[in-house]
Amino acid sequence: VISLDFHTDTLSAASRGLAIPAGAWQEAELLRDAVQTLHHDEHFDWALRTGLISRADIIAISPQVGEYGHPAMQVHPLSPELTPDTVLQTPETIRHLADHALELLPEIQVSDPFILDIDCDFFLTANACSLPPDSLFAQWVRRAAMITLSREDDWVKLLQLPGEKLSGNFIAQHLAG
């Protein structure tokens, strides 16, 4: 999995009281429990521990919240010092980073097949949604076996920079081209 998110909560799935036996993703009841119980990014930890996925690379605008849930989960912050408070209190200081987030993606070695997981709160400006056809992000979009998209409407509205009129729907439609 490659995930794009403003920030990530890398909590252990066990913190929600779930049983995490290997292969649980193949049992409908255990999978249903996980989907209903996990609220933030604990699903990456659960999927790693049950063997559904082998690796999760999370690219975040700001650093993670909490400790890594699993050794095969890595968070790559674009700006280690950036926090939601920075965005809310001094938004213009990060406009360049926000506008060029897709150009700043780290090279991550990923083997096919993989899932590209996109949270719309990764995009703080309309300019950030531009998809140069030869970009790393465009390559990931073309290669991904599956793309998941979370509109994150509340976070998009909260974190968008001044003068922007973003919504999760706008970003999703823009990314779909």
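Preceding this paragraph is the structure being described.
J.: So what exactly am I meant to see when it comes to the nonpolar core here?
T.: In this structure, Ile59, Leu105, Phe122, Phe123 and Trp140 are the most contacted members of the largest nonpolar core, which totals 34 residues. Mapped onto this core, the elements with two or more residues apiece are strand 1 (2–5), helix 4 (95–99), strand 4 (115–119), helix 5 (136–143), helix 6 (153–159) and helix 7 (168–176). With three residues, helix 5 is the largest single contributor of residues to this core. Setting aside residues no more than four positions away along its own chain, Phe123 makes contact with Leu102, Ile118, Ala128, Cys129, Leu166, Ile171 and Leu175. Listed in part, the ten residues of the second largest apolar core include Phe44, Leu48, Ala60 and Met73.

J.: Teacher, can you tell me more about the packing of aromatic side chains here?
T.: Two numbers describe a pair of aromatic rings. These are the distance of the centres and the angle of the planes. In this structure the tally under the stated criterion is one aromatic pair. Relative to Phe123, the ring of Phe122 has its centre 5.3 Å away and its plane inclined at 80 degrees; by these criteria the two rings are edge-to-face. Here Phe122 and Phe123 have matching classes, each one buried.

J.: Any chance you could explain the pairing of strand 2 (residues 56–60) here in plain terms?
T.: On any regular strand, side chains alternate: one points to one face of the sheet, the next to the other face. Here strand 2 lies mainly inside the structure; five of its five residues are buried. Neither face of strand 2 is exposed, since Ala56, Ile58 and Ala60 on one face and Asp57 and Ile59 on the opposite face are all buried. Two elements, strand 1 and strand 2, share four bridges in a ladder whose sense is parallel. If you follow Asp5 over to strand 2, its bridge partner there is Ala60. By the bridge criterion, five bridges tie strand 2 to strand 3 (residues 73–77) in an arrangement that is parallel. In the strand pairing of strand 3, Ile58 is matched with Val75.

J.: Would you mind going over the pattern of salt bridges with me for this structure?
T.: Working definition: two side chains of opposite charge can pair if their charged atoms are close together. The tally for this structure, following the rule as stated, stands at five salt bridges. Measuring nitrogen to oxygen at the nearest pair gives 2.9 Å for the salt bridge that ties Glu92 to Arg95. In this structure, Arg143 engages Asp112 in a salt bridge whose closest nitrogen and oxygen atoms are separated by 2.9 Å. Within this pair, whereas Arg143 is found in helix 5, its partner Asp112 is found in the loop between helix 4 and strand 4, the two being separated by 31 residues in sequence.

Criteria and thresholds
- Residues numbered from 1 in each chain as written.
- Predicted model: local features only at pLDDT ≥ 70, side-chain atom pairs only at ≥ 80, totals over all residues.
- Heavy atoms only, no water.
- Core = buried A, V, L, I, M, F, W, Y, C linked by side-chain atoms within 4.5 Å.
- Buried < 20%, exposed > 50% of the residue type's maximum accessible area, 1.4 Å probe, protein only.
- Helix = DSSP H or I, 4+ residues; strand = E, 2+ residues; numbered from the N terminus.
- Contact = heavy atoms within 4.5 Å.
- Phe/Tyr/Trp six-rings, centres within 6.5 Å; stacked < 30°, edge-to-face > 60°.
- Pairing = 2+ DSSP bridges.
- Salt bridge = Lys/Arg side-chain N within 4 Å of Asp/Glu carboxyl O.

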